[in-house]
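An overview of the molecular structure
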Amino acid sequence: MVKQIEKVLPKYGENIIVGVMYKRHFEWYVAPKKLWKMDYKKLYSVWKVVYKRSGRTLSQLERDIGSYEKFCEIRWGIEILNSDTANTFLAHLFKCRYSADELRLLRMVTRDDQKNDYDASLFIDFDNRVMYSQFPKPENFEIFVPSGWTGSYEDFMSFIPDDKRY
């Protein structure tokens, strides 16, 4: 049985809203930001470079964020989130799904200074192997797409099915 994470509310920079198209079916998910960098190999490599440039060692990196294997455990051992691993990944996030109506209602009743918590951050289209990000820079989700994918920093709401927009 797949261990599912509990449903969370959107929180800017922490729990982000992600639209997912998988097998021609669209869903909104709200889950921790750290799960959505698609290629953990690329991400860990960037961490290695950052540590090296700042004069820190690999052992310091492993002490701070763990070994690569430990780092991947954050996402149930899924190193690369792509069409081959999406089913397993999304099974872990089953409880994190939201309807457009739920997101619309939550945005309406939230305080004005927290409305941006409800801005969609990513759209991942597993069917067409493309990921769009509108998460504020310098986060750069789009550079962590798997090989053979396209990552783009742009407004993606026009790509969301009309009945799924909120």
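Report on the accompanying structure. (Residues numbered from 1 in each chain as written. Predicted model: local features only at pLDDT ≥ 70, side-chain atom pairs only at ≥ 80, totals over all residues. Heavy atoms only, no water.)

1. Some thoughts on the nonpolar core
Counting 33 residues, the largest nonpolar core has V20, W36, M38, F89, L93, I124 and F126 as its most contacted members. For this core, the secondary structure elements donating two or more residues are β1 (15-22), β2 (25-32), α1 (40-53), α3 (68-73), α4 (86-92) and β4 (120-125). Apart from the residues within four sequence positions on either side, F89 is in contact with L35, W36, R75, W76, I78 and L81. (Core = buried A, V, L, I, M, F, W, Y, C linked by side-chain atoms within 4.5 Å. Buried < 20%, exposed > 50% of the residue type's maximum accessible area, 1.4 Å probe, protein only. Helix = DSSP H or I, 4+ residues; strand = E, 2+ residues; numbered from the N terminus. Contact = heavy atoms within 4.5 Å.)

2. Brief notes about the environment of V18
Looking at the element boundaries, V18 is found in strand β1. Remark: the alpha-carbon pair of V18 and D119, spanning 101 residues in sequence, is separated by 9.4 Å. The residues touching V18, leaving out its near neighbours within four places in the chain, are E27, W28, Y29, W36, L122 and I124.

3. Points about α1
The end-to-end C-alpha distance of α1, which contains 14 residues, comes to 20 Å, matching closely the 20 Å that a straight helix rising 1.5 Å per residue would cover. Buried residues along α1 sit against α2 (58-65) and α3. With a side-chain oxygen positioned 2.9 Å from the backbone nitrogen of K41, the residue opening α1 is D39. Downstream of α1 by one or two residues, G55 has phi in the positive range, about 85°. (Expected span 1.5 Å × (residues − 1). Polar contact = N/O pair within 3.5 Å; in protein donor to acceptor, adjacent residues only side chain to side chain.)

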